[in-house]
Amino acid sequence: MRKINLIVVHCTATRSNTKVTIEDLTQWHKARGFKTIGYHFVISQNGVVHNGRPLSDIGAHVEGMNANSIGICYIGGLNDKTSKPEDTRTPAQKESLLELLSQLKRVYPGAKICGHRDCSPDTNHNGKIDKWEYLKDCPCFDAIPEYEHL
Ligand SMILES: [Zn+2]
């Protein structure tokens, strides 16, 4: 098994009321040239956790940091009317995400949990990724403080 030191949370950046299946994501990612879906896990609005790429395989979800990370994606991330970035996680998604992250932390206690946007470059080298440094909004909430206790 490869070494895991990072767990990255993503959103699909689709409207919260839009149904997106793991098959859709696999197709989108193949269209971008990936061999299959880039994430290891996908969480639907109803809280069901779908398996994407096997954990033993390197994912394709965060530039430059795929080798030692796991990618988890929840369906949503955009307001269903305005399409603006928003934390659209349903209670079921939050519950499943917390459970999945807890399990993964038991297997990989040294892994840090963060959101995709926290992997943006630290342009001013102050040691943290500030909001203005975000390359994108994904996953549209602050994953680091929310899961710090795990
Ligand atoms: Zn992302």
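Below: a short report on this structure.

Calculation notes
Residues numbered from 1 in each chain as written. Predicted model: local features only at pLDDT ≥ 70, side-chain atom pairs only at ≥ 80, totals over all residues. Heavy atoms only, no water. Pairing = 2+ DSSP bridges. Helix = DSSP H or I, 4+ residues; strand = E, 2+ residues; numbered from the N terminus. Axes fitted to C-alpha atoms, helices over the stretch in contact; angles between N-to-C directions. Salt bridge = Lys/Arg side-chain N within 4 Å of Asp/Glu carboxyl O. Buried < 20%, exposed > 50% of the residue type's maximum accessible area, 1.4 Å probe, protein only.

We now examine the sheet that holds strand E4 (residues 49-51). As summarised here, the arrangement of the five strands in space is E4-E3-E5-E1-E7, forming an open sheet in which the pairing is mixed. Looking at the sheet topology across the chains shown, the edges are occupied by E4 and strand E7 (112-115). Here the average twist between neighbouring strands, direction ignored, is 25 degrees. For strand E1 (residues 6-11) and E7, the ladder comprises four bridges, and the chain directions are parallel. Across the sheet, the residue bridging to Leu 6 is Lys 112, located in E7.

Once that is clear, we can look at the pattern of salt bridges. Across all of its chains, the model carries five salt bridges by this definition. For the salt bridge of Asp 87 with Arg 89, the shortest nitrogen-to-oxygen distance reads 2.8 Å. A relative accessible area of 29% places Asp 87 in the partly exposed class. Residue Arg 89 is classed as buried on the basis of its relative accessible area of 8%. Between Glu 146 and Arg 89 there is a salt bridge whose closest N-O contact spans 3.0 Å. With Glu 146 in helix H3 (residues 143-147) and Arg 89 in the loop between strand E6 (77-78) and helix H2 (91-107), this residue pair connects regions lying 57 residues apart in the sequence. Given the relative accessible area of 31%, Glu 146 is considered partly exposed. Among the charged side chains, a salt-bridge network with shared partners connects Asp 87, Arg 89 and Glu 146.

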